[in-house]
Each structure stands twice: as structure tokens, then as C-alpha cells.
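# Chains, contacts and geometry: an overview
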Amino acid sequence: MKHKRLAAAVLAAALWLTGCGGAAAPAAPAGSGAASQSAADTAVQTAQKDRITEQFTLEKTVRNEWGSAQKLTIHVPQLVCDSPDAESINDELAARYAAEYRDYESYPQAEVSQDEWCPQIYIDWDAYWYGDCVSLVVSSYYGGTDPIYSQGWCFDFAAGHKLSVTELLMRMGLDPDETQLAVYRAAIQTFDRNMVQQEYYDSLRESGMLSGMRADTLRDNGLENLTVLLKNENTVTLVAGYHTTAGSGWRPLEVELPLTPAAPAKTPVLTDTYGSVSVLLDGDIRTVTIKHTPEIIAWAEDYDIRLDGDVTLPIRNAYNNYVDVCIGELGASSHPVVYLLTEDGFVEYVDVLRCLLYGQSLLCADPIYIANNGTALALRDAEVSLLCADGTETELAPLTAEWNSPQQVDSTGSFSLGEGEDWCWLDLDSGGGCQLATHNNRYFYQGAVTYLGATPDGTALGFSLIRDTENGPEWVAFSAALKLDYRIDCLILTPLSGQNPLTNETVPLVLTHSYG
């Protein structure tokens with residue numbers, strides 16, 4: 001059984017404690033050399049060992065009620081601290097990892113022959129220290145082809161308080177926003193590489209599974225869902241992951257970050273201009289600028305898109321590393337699309353006109369995985385082609401139109417919000433139909449939704465709805481990220497842009513799933 005006790009440089013000044021609270025460990029005398037430093041580290045590690053013990057241990061091979069042998073290796077930790085937070089964590093660990101196996105303590109040791117297959121259930125733990133703070137990590141494996149799954153709890157012994165992952169990372173000097181972005185990028189890049197190299201097929205996109213898996217990969221990699229490892233004194237490792245169609249649908253991914261600020265990586269500045277639209281990719285700055293030219297002004301009459309002067313908008317959810325960018329048209333004139341070529345050779349795109357139809361928010365669509373092995377982008381007349389490593393060219397406009405085609409909506413059903421005169425409801429069907437009513441049915445809208453891209457808040461949908469009024473039809477368009485939360489049987493709707501009839505706020509709405 002392994003129990004890592006990392007003595008990072010910061011631990012030289014750590015408190016030598018038993019339980020919660022205590023006095024500081026004595027400093028090594030000046031000039032005492034490696035022997036004194038080693039003694040100080042040993043004292044710190046001894047104190048740390050007393051802070052975490054095991055509340056349940058079971059190493060036994062048993063036979064279940066069907067006579068099958070099973071090897072159990074169960075080690076469940078507990079925090080030696082009398083604070084309410086410590087007690088809560090210990091209770092959670094017991095319920096999650098120990099309760100199911102306590103009855104096996106009374107089972108006799110089973111004898112297993114050499115040729116008998118014996119599956120194993122494995123639960124063990126590691127402790128990673130940062131001063132008086134610990135990241136307690138429990139690893140579990142229940143057989144099959146799935147990898148070992150890990151879950152962490154962060155705790156401050158000096159204060160006796162549970163810490164969030166964000167709080168622990170901030171104590172290490174990391175910026176939460178920068179750390180979150182680094183994890184998102186690592187997870188999405190790994191997800192995309194996996195889909196390109198092994199698993200992608202058309203039915204994933206058409207059924208909405210692809211968009212759901214990509215959005216779930218972002219959602220499940222929020223900082224508070226991650227496990228913190230300190231394998232050495234210079235870096236922190238965050239156990240993230242990505243969704244897949246194999247096994248249980250989840251694969252872990254370790255993202256290693258330096259604890260000391262590193263010089264920013266030099267990335268090429270990529271720009272392009274076509275007609276009234278230009279794009280800039282410069283490190284974390286990823287924007288599209290739309291000039292207020294006559295062709296853009298004409299959008300007001302053609303599409304009811306009105307821009308007040310020149311606008312520069314950020315590109316949302318563009319998480320890959322890019323090596324080329326090119327702008328072209330899709331179909332009709334003045335339908336600009338920004339194409340982004342990733343370092344892995346496949347294509348992402350921002351359909352500018354399509355995004356503006358649902359509010360002034362530019363979302364990077366899912367990668368066109370079948371247009372891969374690319375080395376450069378090139379403008380051919382008004383449309384863009386991908387230059388491939390084998391010398392061939394792939395026209396991107398037909399693939400973009402295919403990727404823009406309707407796909408099933410995963411957040412389907414009937415949902416409601418509020419009560420009395422403030423009662424609202426939303427109905428979505430898998431084919432993209434939508435009905436919405438507000439103010440206790442005083443205002444009724446109907447129309448369609450379309451998928452725009454994956455975000456950490458869920459799949460981004462564009463809403464195009466019409467309401468009949470005394471002065472004729474009134475059209476509204478907006479975008480929102482939607483995600484079903486099965487734990488509470490609710491739809492979490494996060495407004496993104498546009499004229500949303502449900503709310504004027506940008507905070508998420510929780511709509512209750514309605515039945516019957």
C-alpha cells in the first residue's frame with residue numbers, strides 16, 4: 001500500500017502538529033548541512049503521518065453468494081482532527097468507500113486455485129502536502145478495462161477547515177482563471193485528438209452525442225471537479241479527464257503546471273482580413289472585428305442584424321492551438337466564416353453571420369474532424385480550402401454546411417420557472433422545435449433552436465422565435481447554454497447573448513423538469 005508524503009520546500013517551515021493546531025517545528029541551525037535538513041524533513045513527515053490514519057482496512061479474498069472469488073484491497077483514510085469539516089469529510093469517505101465492504105470483515109478467507117480467475121476491487125489513498133494543507137486523494141478500481149479513478153479532498157489542518165481546489169491553488173500562487181483555461185485547453189485538445197484518431201463517426205454528430213460529450217468534457221473539468229497532486233516541489237498536477245465512447249465513457253488526464261511563473265510561450269500572431277471581417281489570434285487574445293461597411297449595414301434589412309459601428313468580439317470556446325487562419329464565404333455573398341487550423345491538422349470555424357443571427361456572441365463550432373491532416377489554409381476565389389499533407393486540397397464550404405445542418409438537441413423536455421404572474425415555461429423537442437411562454441402565458445413564442453457549440457455551461461443553442469402581437473409578428477433571437485442536471489432533475493440555462501424573453505440577467509436559471 002502506498003502513502004506519499006511529499007516534503008516540498010515549503011515544508012521546512014511547516015507546523016509540527018498533532019490533530020488541529022500546534023506549535024511550529026524548530027528550524028535547523030545555520031550551517032547544519034544536509035543531516036539537519038533531513039532530520040527536519042523526517043520530523044515534518046512524522047507529524048503529517050499522525051494527521052491521517054485509516055478508518056477502515058480490509059485485505060481479503062472472499063467468495064460472494066454465487067460462489068465467485070473476489071480479491072478486496074480496501075484502505076479508507078480519515079483526518080485526525082476534531083473540527084466539523086474534518087468529521088464531515090470522514091463521514092463522506094466512510095459512506096463512499098467503506099460502508100459497502102464492512103460485512104466482508106466476517107467472511108472467511110477464500111482459497112483460490114491458480115487457474116481460477118479472481119477479479120479485484122482496489123481502494124487506496126495518497127496524501128499530498130503543502131505546508132499544513134493536504135490534498136487527500138482516494139484511488140478506486142472496480143475491475144474491467146476502465147482506468148483507476150481518483151477523487152480528492154483538500155483540508156487545512158491549521159484552521160481545521162475544508163478547502164476548495166481553487167483556495168488551495170491560490171495558496172500555491174496560481175491564478176485560478178489562468179489555471180482553469182489551461183485545464184480546459186488540455187482536456188479539449190485531448191478529446192479532439194481522440195475523436196480524430198480513433199472514434200469519430202457521423203452518427204455521433206447527428207444524434208447530438210458529439211456536442212454533449214464535448215460540453216461534458218468542459219463542464220467536468222471545472223476546477224472544483226479536479227484532484228490535486230503534488231509530485232514534486234516545482235509543479236502541481238491536476239487530474240482532469242475527457243469523455244469518450246469507450247468503457248465507462250471517461251478517461252483521466254494529468255495536467256502538470258509550474259508553481260513558479262514561467263515565461264509566456266511565444267506563439268505566432270495570426271491575422272486575416274476578408275471584406276468587412278478580420279480576425280486576430282495573439283496568445284489568449286482571439287477576436288473578430290466587423291467593420292460597419294455598406295455590406296454589413298445591408299444585414300439590417302436582409303437578416304435584421306444591426307451593428308452600431310465597428311465591433312470587435314471575442315471568440316468563445318476556442319481552446320486548441322492554431323497554426324493558420326483564413327476567412328472566406330459560405331454560400332451566399334457576405335456570409336463570412338473564419339477558419340482556424342489546429343496544430344493537429346484539423347479545422348475549427350466561426351460562422352460569423354450564423355452566430356450574429358442569435359445575438360452578438362461568436363462561438364467556435366465543433367471541429368470538422370473529417371477535414372484533418374491539414375498543413376495550411378488557402379483562399380480559393382471566395383471560399384477556403386484546406387491544404388493537406390498528401391498534396392490534396394479539401395473544400396471547406398460543403399463540410400461547413402454539413403456541420404451546420406440540424407442535429408438532435410440533447411436538453412429536451414418541458415421545463416418551468418417561477419410561479420403566479422412570473423411563471424414561465426420552455427418546451428424543447430429533439431428535432432429542434434421550441435415553444436416558450438412568460439408572465440403566466442401572457443407572452444407566447446414558438447420557433448426553432450440550432451446548435452452553435454460546446455461551452456463549460458453546456459451545449460450552446462441559438463433560439464429563433466416569433467410572437468404574435470397587435471402590430472404583427474415580433475421576432476426574437478438569442479443564445480443560451482443548456483445542460484440537464486439529472487441529480488436535481490432540472491435544466492440549467494445560462495444566457496449568452498441576445499434578447500432572451502426569460503431574463504434580462506446573465507446568471508444561470510434553474511428550470512424544473514415538468515412531466516405529464
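This text goes with the structure placed above it.
Basis of the calculations
- Residues numbered from 1 in each chain as written.
- Predicted model: local features only at pLDDT ≥ 70, side-chain atom pairs only at ≥ 80, totals over all residues.
- Heavy atoms only, no water.
- 1 Å grid on protein atoms, 1.4 Å probe; cavity = no way out; pocket = protein on both sides within 12 Å on 5 of 7 lines; lining within 4 Å.
- Points joined across faces, edges and corners; volume = space filled by probe spheres on them.
- Helix = DSSP H or I, 4+ residues; strand = E, 2+ residues; numbered from the N terminus.
- Pairing = 2+ DSSP bridges.
- Expected span 1.5 Å × (residues − 1).
- Buried < 20%, exposed > 50% of the residue type's maximum accessible area, 1.4 Å probe, protein only.
- Arc of directions from axis to C-beta.
- Contact = heavy atoms within 4.5 Å.
- Phe/Tyr/Trp six-rings, centres within 6.5 Å; stacked < 30°, edge-to-face > 60°.
- Lys NZ or Arg CZ within 6 Å of the ring centre and 35° of its normal.
- Core = buried A, V, L, I, M, F, W, Y, C linked by side-chain atoms within 4.5 Å.
- Axes fitted to C-alpha atoms, helices over the stretch in contact; angles between N-to-C directions.

## Thoughts on empty space enclosed by the protein
Gaps left between atoms are located by rolling a probe of water-molecule size over the structure's atoms. In the structure shown here, the tally under the stated rule is two cavities of 30 Å³ or more. Volume-wise, the largest cavity comes out at about 60 Å³. What lines the largest cavity is simply Tyr349, Arg354, Ala365, Asp366, Trp403, Asn404, Gln407, Tyr451, Leu452 and Gly453. Every element with two or more residues in the lining of the largest cavity is listed here: helix 10 (396-404) and strand 26 (443-455). Per-element accounting of the lining of the largest cavity gives the leading share, three residues, to strand 26.

## Topic: the pairing of strand 20 (residues 374-380)
Judged from the six bridges that link them, strand 20 and strand 21 (residues 383-388) form a sheet pairing that is antiparallel. By the bridge assignment for strand 21, Leu379 is matched with Val384. Counting the residues between successive antiparallel strands, the hairpin from strand 20 to strand 21 contains two residues, one of them, Asp381, with a positive phi of roughly 60°.

## Remarks on helix 2 (residues 84-98)
The end-to-end C-alpha distance of helix 2 is 20 Å, a good match for the 21 Å that 15 residues give at a rise of 1.5 Å each. Listed in full, the buried residues belonging to helix 2 are Ala86, Ile89, Asn90, Leu93, Ala94, Tyr97 and Ala98. Projection of helix 2 onto a plane perpendicular to its axis shows the buried side chains occupying an angular sector of 140°, all on one side. Summarising the geometry of helix 2, the exposed residues directed more than 90 degrees from the buried face are Pro84 and Ala95. Taken together, the buried residues of helix 2 touch strand 3 (52-63), strand 4 (69-79), strand 5 (120-130), strand 6 (133-141), strand 7 (149-156) and strand 8 (161-163).

## Structural notes on the packing of aromatic side chains
Inspection of every chain in the model, using the stated rule, returns ten aromatic pairs. Ring geometry for Tyr104 versus Tyr107: centroids 4.9 Å apart, planes at 65°, classification edge-to-face. Taking the relative accessible area as the measure of exposure, Tyr107 reaches 32% and is therefore partly exposed. Three or more aromatic residues link up through ring pairs in this structure, and these residues are Tyr101, Tyr104 and Tyr107. Geometry around Trp403 places Arg205 over its ring, the cationic atom sitting 4.9 Å from the centre.

## Re the nonpolar core
Core analysis: the largest hydrophobic core is formed by 51 residues, its most contacted members being Met172, Val236, Leu377 and Leu396. Considering every element that reaches this core, the biggest residue donor is strand 10 (residues 235-243), with five residues. Beyond its immediate sequence surroundings of up to four residues, Val236 is in contact with Leu169, Met172, Leu174, Val228, Leu229, Leu230, Val255, Glu256, Leu257 and Leu259. Core analysis: the second largest hydrophobic core is formed by 32 residues, Val279, Trp299, Ala318 and Leu452 among them.

## Brief notes about helix 10
Burial in helix 10 covers these residues: Leu396, Ala397, Leu399, Thr400, Trp403 and Asn404. The arc that holds the buried residues of helix 10, viewed along the axis, is 160°, so those residues lie on one side.

## Let's talk about the pairing of strand 29 (residues 490-498)
Counting buried positions over the nine residues of strand 29 gives seven, a clear majority of the element. Remark: four residues form the turn of the hairpin made by strand 28 (residues 472-485) and strand 29, two consecutive strands paired antiparallel; Asp489 in that turn has positive phi of roughly 55°.

## Things to note about the sheet that holds strand 18 (residues 347-351)
Pairing is antiparallel across the open sheet formed by three strands, whose spatial order is 16-17-18. Looking along the sheet, the strands with just one partner apiece sit at the ends: strand 16 (322-329) and strand 18. Neighbour to neighbour, the strand axes of the sheet diverge by 20° on average, direction disregarded. Bridge count between strand 16 and strand 17 (residues 336-342): seven bridges; the pairing is antiparallel. For Tyr322, the partnering residue across the bridge sits in strand 17 and is Thr342. Sheet strands in contact with helix 10 are strand 16, strand 17 and strand 18, and its direction is about 70° off that of strand 18.

## Remarks on the sheet that holds strand 20
Taking strand neighbours across the sheet as the criterion, the three strands line up as 20-21-22 in an open arrangement whose pairing is antiparallel. The open sheet is flanked by strand 20 and strand 22 (393-395), the only strands paired with a single partner. Going across the sheet, the axis of each strand differs from the next one's by a mean of 30°, ignoring polarity. Packed onto the sheet, helix 10 meets strand 20, strand 21 and strand 22 and runs at close to 45° relative to strand 22.

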